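Structural description and commentary
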Amino acid sequence: MAGSTAVLLSGCGLMNNRASYRFRMTVEVETSNGLRAGSSVYEFIAAKNTMKLLADERSGGVLTRGEATIIELADGPVFVLLKTPVAGVDLGGEATDALLATLPDGGDDYIAAINKLGGWFADPVSAELPREKWPLMVRFGDLNDPTSVKRIDPESLGVKRILLETTHDDVTVGLQDRLQWLQNGGLSLDPGGSPTTSPTFAQTIYQSAFTSEIKR
């Protein structure tokens, strides 16, 4: 879990000890045809305790709403997932760490910092997401076949940087129109695969890595 989000595990505040803000994440890629980019808007919700914020809240008092960022390239789209390479690390928490000038020391300070990022009259805050915190990136051999998913190396793809900026824009939705097999966030991309001690990549990626906006 990101360093700042760990503070949420302490404290016994009520449900009103929560805060949220939205940020736009833009992924830039250098190609032979010039710079290409994709962006999505996410909402990060934090609470000072581990009580449930929403029915499908992840553990730890934080929840990131949104969908995979899509980069449209000549050889097909690339999806930048909500999932990071490190298990249990929340994308919104990593983005928040990058956007905050100083990491808070405790739960109350963290909630206050989130409230400040989400303030209607606050100036936009921007930052780059550090390379070691970049999310997983994937593409498909066939968009209609989730088992054809392949992990993409950002360097080989030509990813230049990932930019973050606070915003009041609506959270990006609609990915199910493109990936119609998105049915249940609790299922892997190969739910029919045989159990094994050496799972395929598709068996390790869950539909919730593409969108938070489907049931589990």
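Within any chain, residue numbers begin from 1 and follow the written order of that chain's sequence. Only residues with pLDDT of 70 or above have their local features reported here, since the model is predicted, and side-chain atom pairs are shown and tallied only from 80 upward, although totals for entire chains, interfaces and linings are computed over all residues. Side-chain calculation: all heavy atoms of the structure are included, whereas hydrogens and water are not.

Broken down by element type, the chain carries five helices and nine strands. In the chain, the order of α-helices and β-strands from amino to carboxyl end is β-β-β-β-β-α-α-β-β-β-α-β-α-α. Partly exposed describes any residue whose relative accessible area lies between the buried limit of under 20% and the exposed limit of over 50%, with all areas from a 1.4 Å probe on protein chains only and scaled to the type maximum. A buried classification covers 49% of the 216 residues belonging to the chain. Whether two residues are in contact is decided by their heavy atoms, any of which lying within 4.5 Å being enough. In the chain, once contacts between residues fewer than 6 apart in sequence are set aside, the share between residues at least 24 apart is 70%. Put simply, the chain shows about 10600 Å² of open surface, and 49% of that area lies on carbon and sulfur atoms. Numbering of helices and strands starts at the N terminus; helices are DSSP runs of H or I of at least 4 residues and strands are runs of E of at least 2. Per-residue and other accessible areas were derived by the Shrake-Rupley procedure at a 1.4 Å probe size, with only the shown protein chains allowed to occlude residues.

Quick look at the side chain of Thr64 now. Within the fold, Thr64 resides in strand S3 (residues 62-65). On the accessibility criterion, Thr64 (5% relative accessible area) is buried. At a separation of 2.6 Å, a polar atom in the side chain of Thr64 contacts the side chain of Asp90. Here Gly92 takes part through its backbone nitrogen, which lies 3.1 Å from a polar atom of the side chain of Thr64. When near neighbours in sequence (up to four residues on either side) are disregarded, Thr64 contacts Tyr42, Glu43, Phe44, Leu82, Asp90, Leu91, Gly92, Gly93 and Ser212. Whenever two N or O atoms come within 3.5 Å, that pair is a polar contact, provided that in protein one can donate a hydrogen and the other can accept it, and provided that, for residues adjacent in sequence, both atoms are side-chain atoms.

Let us now look at the sheet that holds strand S8 (residues 149-151). Within a sheet, adjacent strands bond to each other through the backbone by hydrogen bonds, running parallel or antiparallel. Whether two strands pair depends on DSSP finding at least two bridges between them. Pairing is antiparallel across the open sheet formed by four strands, whose spatial order is S4-S5-S7-S8. Single-partner strands in this sheet number two, and they are strand S4 (69-73) and S8. Here the strands of the sheet are splayed against their neighbours by 30 degrees on average, with no regard to which way each runs. Between the N-to-C directions of two axes lies an angle of 0 to 180 degrees, each axis being a line fitted to C-alpha atoms and, for a helix, fitted only over the stretch in contact.

Before going further, it helps to examine the environment of Glu132. Positionally, Glu132 belongs in the loop between strand S6 (126-128) and strand S7 (137-140). Residue Glu132 is classed as exposed on the basis of its relative accessible area of 64%. Measuring from C-alpha to C-alpha, the distance between Glu132 and Pro85 comes to 9.2 Å, with 47 residues separating the pair along the chain.

Looking at helix H2 (residues 107-117), one finds that the buried residues are Gly107, Tyr110, Ile111, Ala113, Ile114 and Leu117. One side of H2 carries all its buried residues, which in axial view fall inside an arc of 160 degrees. More than 90 degrees from the buried face of H2, the exposed residues found are Asp108 and Lys116. Buried residues belonging to H2 abut strand S1 (18-31), strand S2 (34-47), helix H1 (91-99) and strand S9 (159-167). To be clear, the arc concerns the directions from the helix axis to the C-beta atoms.

As a further point, take the nonpolar core. Considering soluble globular proteins, one finds that nonpolar side chains tend to be buried as a cluster. To define a nonpolar core, start from buried Ala, Val, Leu, Ile, Met, Phe, Trp, Tyr and Cys residues and group those joined through side-chain atoms within 4.5 Å. Residues Phe23, Met25, Val27, Phe44 and Met137 are the most contacted members of the largest nonpolar core, which totals 33 residues. In this structure, Phe79, Trp181, Leu182 and Ile214 belong to the second largest nonpolar core, which totals 17 residues.

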